[in-house]
Amino acid sequence: MIQLNNAHLHFGSTTALNGFDLSIQKGEQVALIGPSGSGKSSLLKVLATEHALTSGSLAIDSSPIASLSSKSLQQLRCKVGYIPQDLALVPNLKVSQNILLGRVGQQSLGSTLKNLLIPAKLRLAEVLQLLEEVGIPEKLFHRTDSLSGGQQQRVAIARAIYQEAAILLADEPVSAVDPSRAHSLLDCLTDLSRRHELTLICSMHNLEYAKKFFPRLIGMRDGKIIFDGATESFSDKDFSELYTLINA
Amino acid sequence: MPKSVTLRAPLWSWRRLCIYSFFLILGVCLYTLGLDFNQLPESSDPVAAAKDFFSAALSPTLTDQNPSLPVGSEPFIQRISTGLLNTLRYAFIAMSMAVPAGLLLGFLASRSWWPKAVTSRKSALALISRSGLRALYLTTRFVITFMRSIHELIWMLLFLAALGGDSTITACVALAIPFTGTFAKVFSEIIDEQNEQNSQHILLAGGSNLQAFVAARFPQALPDLLTYTLYRLECSIRSSAVLGFLGAETIGLAIQQSYENNYYNEVWTELYFLIFTVMIFDVLGSCVRKRLNHAPLPKVAPAKLSLLSLKKNAPRWKLLPVVWISLLSGILIAWNFGDDLYQYYSSLSRLERTQSFIQQLIPEPVQLSQNWRDAIPWAKDLWLTSGKEALTNTVTLATAALLLAVLFGYILVPWASRNITNFRPYSIDMAAHSKLRKALWGVIGFSTRFIFLIARSIPEYIIAFLLIGILGAHTWPLVLALAIHNFGILGRLWSEISENHDDAVAKQQMIRGASRLQSYVCGILPTSFNRQLLFIFYRWETCVRESTILGMLSISSLGYYISIESSFLRYDRMLFFILLGTIIIFASDLLSASLRKKLKRE
């Protein structure tokens, strides 16, 4: 479903991705792990089509991204849900409005305006059901900036699910919450992706959570994939080598 | 200690340069303006005049001071009520034109809806569309700077000459044009400064640039846009009052008439009415700002979670819909009630009058010879005889006034900041205070804020008009008027910076024994200095614009010549001085913008 070949990404003299191949199948749940600056976020941004590869190729659903027309790229983007580190929620909009923006790519400008100003009851009912799934239904009409960090992360997850995307990318989704909230958020995210048959790719700083919630791990360092496989196939030695500083 | 280490702080830094330049420029301006008491007319006694005028402040009147008014003439209280209602009417009509036009131009002058790198392909079509957008952007920027560069009073003078100034709508349009330019500039800046991430996310979810603008950037900018609109409404009330000095039937006209007849008690009543009205909008603006920037407190969640019950229990601010409905009603009333907006008394039709006016805008030698080359010696002569001096006076006056406002503003600002002038500064529990001490801190804070409020509530044009009556017709009353008004505005803006500033450092310093002033100087000032400078540069640009028109009160800045040439119907010469003013405002705008950009980068 996702196929990367010889992926290179450079920002000036900085190398973010340093030539690797990667294949991820439909419905897989994958955690990207590795030290800061290893290329996890850059890889997610490439998969979200925010950055184009400097060289190499990316294909999603067998469509090579580089050769897509603007229209086809826009259609493909509707299939990829992305939760960035800062969540990208509009703070002074209501929770319902932020979630309804998940399907912005499938709507005309007029429908977007209508959804913001006078949303249909049917759409609101869908949003309410999603909020029930992430555990905060009572926040439907609350302003997003009045919610706690963990609640905002749930809103971002609900927005990504509402998008009806086939692929869900999340960049450090539990970096800013306490352990018990992180646990319940990851539980919610993996459970939803399983039930909605989504391909889930998360970058994670916390190794324990990655091992506990994701059946496949990809270890990255210096823009390269150091290891890739089933979680249970890696030993503590593999992980400690991944995080060992080169100069140490 | 290694020998190479020097313990001397660097002599030059950007901030030091600013402070040294401040005193140097202030000195040069004061020297240029000169303090010559011989400028006062021999017959005048400023002390006695000031005493007469200010002693009347304690005894404002609600009845006519003129003993010889004919029976049946409109009573004083009714006259000022009509003047005040007209002031509001002009302001509301002008705002109802300026806000939508400013929004449209602001949208065109912002770059945030342009195709982003994330969506655009490097095709020839993309290149052409980007070049087209850039041309549109630059044209719009030029138009809005031009609209702003001519003061509403000068627009009014132009309309008086071109269209006949009898109709209310002429004054409203004169007010709306520069306001549209200001709205467009500020709106575009607010929109462009919003967080990029939300719009980017919409694009990555397959949305278009316009959808990203409408659904993410605009809603995010909306609180700032509304807050600024309310602030400008307050400004438009002040400007509308000033239009009275050119004959519009606002409270300004009443102030002018009462003052010229030495009815000082009447003047003070009119000033109090004006100040009170401006204060209402000032307080309303701050209440709305608070609510727009903070989410309302949540209510208890309903037992049954249905759409209806959740909607019913949704947290909301009650004041906001009341304010929006009141303002919209105000606009509707302003357009539909009162004197005919379009009344026109002249033997010539509007078209004939405009055609004749345009003809007269052509330089006189060109009118005679039909050769545009003759305009060059004509312009050169005007520049050498009066333009150069008027331009120097305009810039010197504006700069001196602003620097004086800055000097006095810095002295008072700490005492207007609510987080400092409080018996619990930065929420620190101090040693047990007596009730008197607690009350004293409250009084100090309130009084300082009140001084700033009064200073900015009276338009500089009205202050200058009153001061000229006391001190005589020379430059200093104008400098003082401009300085007083800007002192009030800078005081408000700077105290807001202190109140919204992260006070962790200042708090720590006070806990370790620093005084309130020390905590401000060492904990808040160093990190808010650049933002304060930003406001100084922003105000300098405004001061140059204002000092141009203050000359209309018979002092030789550009406004003086504009007013003289207009009254002698020499419209070609009037246009020359207006364009000179426009050039200096374009230049100050560019200089101020580049300095602000440099500061923001720091």
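The residue numbers shown here count from 1 along each chain, following its written sequence. Whichever chain is written first is A, and whichever ligand is written first is 1; the rest continue in order. Where totals are concerned, whole chains, interfaces and linings use all residues; where local detail is concerned, this predicted model gives features only for residues with pLDDT of at least 70, and gives and counts side-chain atom pairs only at 80 or more.

The way it works is that DSSP assigns letters per residue, a run of H or I at least four long becomes a helix, a run of E at least two long becomes a strand, and they are numbered from the N terminus. A tally of regular secondary structure across chain B gives 22 helices and 0 strands. Between the two quantities, the radius of gyration covers C-alpha atoms and the globule rule is 2.2 Å times the number of residues to the power 0.38. Taking 602 residues into account, the globule formula puts the C-alpha radius of gyration at 25 Å, and chain B, at 27 Å, falls close to it. Expressed as lengths along the three principal axes of its C-alpha atoms, the size of chain B is roughly 75 × 75 × 70 Å. Neighbour density around each residue's C-beta defines its exposure: 20 or more other C-beta atoms within 10 Å make it buried, 12 or fewer make it exposed, and counts between make it partly exposed, where C-beta atoms are placed from the backbone. Among the 602 residues that make up chain B, the fraction classed as buried is 39%. Taking all contacts inside chain B whose residues are at least 6 apart in sequence as the whole, residues at least 24 apart take part in 76%. With C-beta atoms placed from the backbone, a contact is any residue pair whose C-beta atoms sit within 7 Å.

With that settled, the discussion passes to the overall build of chain A. Tallying secondary structure elements over chain A gives 9 helices and 11 strands in all. For 248 residues, the compact-globule estimate of 2.2 N^0.38 gives 18 Å, and the C-alpha radius of gyration of chain A, at 18 Å, lies within 12% of that figure. Summarising its shape, the C-alpha atoms of chain A cover approximately 55 × 45 × 30 Å along the three principal directions. Burial statistics for chain A: of 248 residues in total, 43% are counted as buried. Taking the contacts inside chain A whose residues are at least 6 apart along the sequence as the reference set, 69% of them involve residues at least 24 apart.

Moving on, we come to the domain arrangement of chain B. It is common to give the size of an interface as the accessible area lost on bringing the parts into contact. Residue and element names in this part refer to chain B. Boundaries between domains were set according to an automatic or database domain assignment. By domain assignment, chain B separates into domain 1 (75-298 + 316-349) and domain 2 (376-602). For domain 1 versus domain 2, the distance between C-alpha centres works out to 21 Å. Contacts between the two partners involve 23 residues from domain 1, matched on the other side by 22 residues from domain 2. Of all the elements in the fold, those that place two or more residues in the side of domain 1 that touches domain 2 are helix H4 (124-149), helix H5 (152-163), helix H8 (209-242), helix H9 (251-260) and helix H10 (264-293). Looking at which element gives the most residues to the side of domain 1 that touches domain 2, the answer is H10, with 6 residues.

Residues and elements named next belong to chain A. Pairing is mixed in the open sheet, where 6 strands are placed in the order S7-S8-S9-S4-S10-S11. Since the sheet does not close on itself, it has two edges, and those belong to strand S7 (80-83) and strand S11 (224-230), each with one partner. Within the sheet, the average angular offset between the axes of one strand and its neighbour, ignoring direction, is 15 degrees. Two strands qualify as a pair provided DSSP detects at least 2 bridges between them. Geometry is summarised by axes, namely lines fitted to C-alpha atoms with helices restricted to the contacting stretch, and by angles between N-to-C directions that run from 0 to 180 degrees.

What follows covers the packing of helix H15 (residues 375-412) of chain B against helix H20 (residues 516-550) of chain B. Residue and element names in this part refer to chain B. Relative orientation of the contacting elements H15 and H20 amounts to 135 degrees, with a least axis distance of 8 Å. The angle between H15 and H20 places the two elements in the oblique class. Where H15 crosses over H20, the handedness of that crossing is right-handed. For the pair formed by H15 and H20, the contact residues are Thr394, Val395, Leu397, Ala398, Ala401, Leu402 and Val406 on the first element and Ile536, Arg539, Trp540, Cys543, Val544, Ser547 and Thr548 on the second. The classification used treats Ala, Val, Leu, Ile, Met, Phe, Trp, Tyr, Cys and Pro as nonpolar, Asp, Glu, Lys and Arg as charged, and all other residues, Gly among them, as polar. Partitioned by chemical class, the residues of the contact of H15 with H20 number 10 nonpolar, 3 polar and 1 charged. Should an angle fall under 35 degrees it is taken as roughly parallel, and over 145 as roughly antiparallel, whereas 65 to 115 is taken as roughly perpendicular and any remaining angle as oblique. With the far helix as reference, a near helix turned anticlockwise by less than a right angle produces a left-handed crossing, and one turned clockwise produces a right-handed crossing.

Right, let's talk about the nonpolar core for a bit. The term nonpolar core refers to a group of buried residues, namely Ala, Val, Leu, Ile, Met, Phe, Trp, Tyr and Cys, whose C-beta atoms join them within 7 Å. Core analysis: the largest hydrophobic core is formed by 203 residues, its most contacted members being Leu32 and Leu169 of chain A together with Ala94, Ala401, Ala464 and Leu550 of chain B. In this structure, this core is formed jointly by two domains, domain 1 (75-298 + 316-349) and domain 2 (376-602) of chain B, each of which donates at least three residues. If near-sequence neighbours (up to four positions away) are discounted, Ala464 of chain B is found in contact with Pro477, Leu478, Ala481, Leu550 and Leu553 of chain B. Listed in part, the 6 residues of the second largest apolar core include Tyr426, Ala506, Met510 and Tyr520 of chain B.

Turning to the packing of helix H3 (residues 76-108) of chain B against H10 of chain B, a few remarks are in order. All names here are of chain B. Relative to each other, H3 and H10 sit at 35 degrees, their axes nearing to 11 Å. Every pair of crossing elements has a handedness; the one defined by H3 and H10 is right-handed. Each of Phe76, Ile80 and Leu84 in H3 lies in contact with H10, whose residues at this interface are Glu266, Thr269, Glu270, Phe273 and Thr277.

A few words now on helix H7 (residues 179-195) of chain A. Residue and element names in this part refer to chain A. To estimate the expected span of a helix, subtract one from its residue number and multiply by 1.5 Å. Along its 17 residues, H7 runs 24 Å from first to last C-alpha, staying within 8% of the 24 Å computed at 1.5 Å per residue. Tucked inside the fold, the buried residues of H7 contact strand S4 (29-33), helix H6 (149-162), strand S8 (167-171), strand S9 (199-203) and helix H8 (207-213). Where H7 terminates, the next one or two residues include Glu197, which has phi positive at roughly 55 degrees.

Time to look at the environment of Ala254 of chain B. Take Ala254 of chain B: it is sitting in helix H9. Ala254 of chain B has contacts with Arg79, Ile80, Gly83 and Glu270 of chain B, leaving out every residue within four places of it along the chain.

What follows deals with the interface of chain B and chain A. Across the boundary between the two partners, chain B contributes 29 residues, which contact 38 residues of chain A. Those elements giving two or more residues to the side of chain B that touches chain A turn out to be helix H7 (196-204), H8 and helix H11 (307-312) of chain B. For the side of chain B that touches chain A, the class distribution of residues is 19 nonpolar, 8 polar and 2 charged.

Residue and element names in this part refer to chain A. Burial within S4 is extensive, with 5 of its 5 residues counted as buried. Neither face of S4 is exposed, since Gln29, Ala31 and Ile33 on one face and Val30 and Leu32 on the opposite face are all buried. Alignment of S4 against S9, held across 4 bridges, turns out to be parallel. Counted as the bridge partner of Gln29 is Leu200 from S9. Note that S4 and strand S10 (residues 216-221) share 4 bridges and pair parallel. By the bridge assignment, Val30 is partnered in S10 with Arg216.

The next thing to look at is the environment of Phe107 of chain B. Residue and element names in this part refer to chain B. Looking at the element boundaries, Phe107 is found in helix H3. Note on Phe107: 17 C-beta atoms within 10 Å, which makes it partly exposed. For the pair formed by Phe107 and Ile191, sequence separation is 84 residues and the distance between their alpha carbons is 8.1 Å.

Most of the time, phi is negative for any residue but glycine, and the peptide bond is trans. All names here are of chain A. Of note, Glu164 is a non-glycine position whose phi angle comes to about 60 degrees, a positive value. Turning to its location among the elements, Glu164 is positioned in the loop between H6 and S8. A positive phi angle, close to 55 degrees, is found at Glu197, a residue other than glycine. Position of Glu197 among the secondary structure elements: in the loop between H7 and S9. On the neighbour-count criterion, Glu197 (9 C-beta atoms within 10 Å) is exposed.

With that out of the way, let us pick up the pairing of strand S5 (residues 55-60) of chain A. Residue and element names in this part refer to chain A. Here strand S1 (residues 2-11) runs beside S5; their pairing, made up of 5 bridges, is antiparallel. Pairing of Leu4 across the sheet is with Leu58, part of S5. Bridging between S5 and strand S6 (residues 63-64) involves 2 bridges; their strand directions are antiparallel. Counterpart to Ala59 in the pairing with S6 is Pro64.

This next bit is on helix H12 (residues 319-336) of chain B. Residues and elements named next belong to chain B. Given a rise of 1.5 Å per residue, 18 residues ought to cover 26 Å, and the 26 Å separating the end C-alpha atoms of H12 matches this to within 8%. With 1 of 18 residues buried, H12 lies mostly on the surface of the structure. With its phi angle positive at about 100 degrees, Gly338 sits one or two positions after the end of H12.

In low-pLDDT regions, the fine details of the predicted coordinates are not to be read closely. Residues and elements named next belong to chain B. What pLDDT reports is the predictor's confidence in each residue, on a scale of 0 through 100. Across chain B, the average pLDDT comes to 86, with 93% of residues at or above 70. By mean pLDDT, the top-scoring element of chain B is H3 (94), and the lowest-scoring one is helix H22 (residues 571-601) (83). For this predicted complex, the interface confidence score (ipTM) comes to 0.87, while the overall pTM stands at 0.85.

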